[in-house]
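Commentary on secondary and tertiary structure
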Amino acid sequence: MQFRLVPDDTHIRFIRWRIPAMLLSAFLCLASIVGVFYPGLNFGIDFRGGILMEVRTPGPADLASMRANLNQLGLGEVALQEFGADTDVLIRIARQEGDEAAQQAAVVAVQNALDQLIGEGISYRRTEFVGPKVSEELLQAGIMATVLAMVAVLVYIWFRFEWQYGVGAIVALVHDVVLTLGLFAFLGLEVNLTTVAAVLTIVGYSLNDTVVIFDRVRENLRRYRAMPIPELLDVSMNETLARTLMTSLTTLIALFSLYFFGGEVIKGFPLAMIWGVFVGTYSTIYVSTPTLIYLNLRAIGAKAEAAQAAREAAEAGGKAGG
């Protein structure tokens, strides 16, 4: 017996809920934009600059005593967190005033304090420093990468379909990116280069889902010429529902595995992607596709078909005349 996650003949009326769904999306986007400024994004060392140290203790790390000792050094903000095993600790130290010598002095001070506290057996596995110029360039590059990705999506959709589809796709992508930033703002999660990679991956995932439905909408526009647009969109989404849910489910299985077993260092990436899968699937159904209703899609499609028919008739007449 063949297993089917979704029956072949579903008739879910997605579009009937478009108004409440779009109001909910507008509220969440507004809340996310507010959250980006207050409480604000927790930029990591990649974007703020500073010192990053990874240490391994001989036994389970006592983060409270380590934090208390390091805070007495007067180095500014010092953050500690377990890094995978309970013996591995990631230490983030605010950028110090001065040149490279000041940063090295801070590293030596931290090492001396931990040597006195823990004694023999502690090892310093990694030490990195990101300067202010590099962190600023990384932040600008991350923003530019996201913006260029969205512009490329708009151009691609515009050439493959009509401009209405491009507008719908961009609205959904902006929706997904804003809500992802809102999640990081309200949960206080660190925003670093891994987060940028997650956002760009979410953009690609959401676009892939959107293009599949848009392609079915375009086919059904030719097949059901008299069908009202809301009903046609429902038919298109129901026809691709099994594919959408199976793709989302298999992706989530991999992401949850990464989140629970992938280690602390990459935890932000699968968390952002898990959120992005849910938000991207939702936005495809209730943001990008319903947008087509308000962009006079049927009239534009009819004009395009008429122009295509005229070109084909002209070509046929030219061949007959020849």
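Here's what I pulled together on the structure shown here. (Residues numbered from 1 in each chain as written. Predicted model: local features only at pLDDT ≥ 70, side-chain atom pairs only at ≥ 80, totals over all residues. Heavy atoms only, no water.)

1. Regarding the pairing of strand 4 (residues 85-94)
- Along strand 4, seven of the 10 residues are buried, which leaves the element largely enclosed by surrounding structure.
- Bridge analysis of strand 2 (residues 50-56) against strand 4 gives seven bridges, and the strand direction is antiparallel. Bridging from a neighbouring strand, Gly 50 pairs with Ala 94 of strand 4.
- Sheet analysis places strand 3 (residues 78-83) next to strand 4, joined by six bridges and oriented antiparallel. Considered in strand 4, the bridge of Phe 83 is made with Ala 85.
- The antiparallel hairpin formed by strand 3 and strand 4 contains one residue in its connecting segment, where Gly 84 sits at a positive phi of about 85°. (Buried < 20%, exposed > 50% of the residue type's maximum accessible area, 1.4 Å probe, protein only. Helix = DSSP H or I, 4+ residues; strand = E, 2+ residues; numbered from the N terminus. Pairing = 2+ DSSP bridges.)

2. With respect to helix 4 (residues 100-118)
- Between its terminal C-alpha atoms helix 4 stretches 27 Å, which fits the 27 Å expected from 19 residues at 1.5 Å a residue.
- Where the residues of helix 4 are buried, they touch strand 2, helix 3 (63-71), strand 4 and strand 5 (123-130). (Expected span 1.5 Å × (residues − 1). Contact = heavy atoms within 4.5 Å.)

3. Focus on the packing of helix 1 (residues 18-40) against helix 10 (residues 268-291)
- The interhelical angle for the contact between helix 1 and helix 10, taken along N-to-C directions, is 110°, at an axis separation of 10 Å. As the angle between them shows, helix 1 and helix 10 are arranged roughly perpendicular. In this structure, helix 1 uses Arg 18, Ala 21, Met 22, Leu 24 and Ser 25 to contact helix 10, whose residues at the interface are Tyr 282, Tyr 286, Val 287, Pro 290 and Thr 291.
- Class assignment for the residues of the contact of helix 1 with helix 10 results in seven nonpolar, two polar and one charged. (Axes fitted to C-alpha atoms, helices over the stretch in contact; angles between N-to-C directions. Parallel < 35°, antiparallel > 145°, perpendicular 65-115°, else oblique. Nonpolar A, V, L, I, M, F, W, Y, C, P; charged D, E, K, R; others polar.)

4. Focus: the pattern of salt bridges
- Scanning all chains against the criterion turns up nine salt bridges.
- For Arg 126, the salt bridge identified is with Glu 128, shortest N-O distance 3.1 Å.
- The exposure class of Glu 128 is partly exposed, given its relative accessible area of 35%.
- Close ionic contact of Glu 219 with Arg 216 constitutes a salt bridge, the shortest N to O distance being 3.6 Å. Here Glu 219 and its partner Arg 216 are both found in helix 7 (residues 193-223), three residues apart, which amounts to about one turn of the helix.
- The exposure class assigned to Arg 216 is partly exposed, which follows from its relative accessible area of 26%.
- Within the structure, one salt-bridge network assembled from shared partners comprises Glu 54, Arg 125, Arg 126 and Glu 128. (Salt bridge = Lys/Arg side-chain N within 4 Å of Asp/Glu carboxyl O.)

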